[in-house]
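Observations on the three-dimensional arrangement
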Amino acid sequence: EQVYGQQSSLPTFIRSLVGLDRETARKAFGHYLNDQIFNLRQIQFVETLIDLLTKSGSVPPRMLYEPPFTNADPNGLDGLFADEDAGRIVNLLRQLNRVEVIAA
């Protein structure tokens, strides 16, 4: 506990160490990476989110309004995406944050 802090569960702890499978995250956010209706800043925002998920295993939705997500727009998620897309991104993120999500 001194080194890693108190963990809620073993699976959560393991996910924090190994991260989330990149392909799983890319598939989940594929709509935002493959559709031609999103601009470069939006795609970079989603790529940053995928990078963090891959590294740390989860990203709290509140982080979408903090650096590095505010680098592209001071309002973070809400500054770059319409309400409907922002809501979908948060829902996808919440699903991926659950430990039960395993690489396909």
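Summarised in this report is the structure supplied together with it. (Residues numbered from 1 in each chain as written. Predicted model: local features only at pLDDT ≥ 70, side-chain atom pairs only at ≥ 80, totals over all residues. Heavy atoms only, no water.)

**Topic: the overall build of the chain**
Looking only at helices and strands, one finds 6 helices and 0 strands in the chain. Reading the helices (α) and strands (β) of the chain from amino to carboxyl end gives α-α-α-α-α-α. Across the 104 residues that make up the chain, the buried fraction comes to 33%. Of all intrachain contacts in the chain linking residues separated by at least 6 positions in sequence, the fraction that spans at least 24 positions is 65%. As displayed, the chain offers around 6,500 Å² of accessible surface, 51% of which is attributable to carbon and sulfur atoms. (Helix = DSSP H or I, 4+ residues; strand = E, 2+ residues; numbered from the N terminus. Buried < 20%, exposed > 50% of the residue type's maximum accessible area, 1.4 Å probe, protein only. Contact = heavy atoms within 4.5 Å. Areas by Shrake-Rupley, 256 points an atom, 1.4 Å probe, with all protein chains shown as cover.)

**Re the side chain of Q42**
Here Q42 shows up in helix 4 (residues 40–56). Q42 sits in the buried class, given a relative accessible area of 9%. Among the polar contacts made by the side chain of Q42, one reaches the main-chain amide nitrogen of N39 at a distance of 2.7 Å. Look past the residues within four positions of Q42 in its chain and what remains in contact with it is I37, L80 and F81. (Polar contact = N/O pair within 3.5 Å; in protein donor to acceptor, adjacent residues only side chain to side chain.)

**Description of the nonpolar core**
Formed by 23 residues in total, the largest nonpolar core has its most connected members in F29, L49, L53, L64 and F81. Put simply, the parts of the chain that give this core at least two residues each are helix 3 (30–34), helix 4, helix 5 (77–80) and helix 6 (83–97). For this core, the element with the most residues is helix 6, which contributes 6 residues. Excluding anything up to four places from it in sequence, L64 contacts F45, L49, F69, G76, L77, I89, V90 and L93. (Core = buried A, V, L, I, M, F, W, Y, C linked by side-chain atoms within 4.5 Å.)

**Brief notes about unusual backbone geometry**
In this model, P67 is joined to P68 through a cis peptide bond whose omega is 10°. Looking at the secondary structure, you find P68 in the loop between helix 4 and helix 5.

**Brief notes about the environment of D85**
Here D85 shows up in helix 6. Separated by 53 residues in sequence, D85 and Y32 place their C-alpha atoms 9.0 Å apart. Apart from residues lying up to four places away in sequence, D85 is in contact with H31, Y32 and F38. A polar atom in the side chain of D85 sits 3.5 Å from the side chain of Y32.

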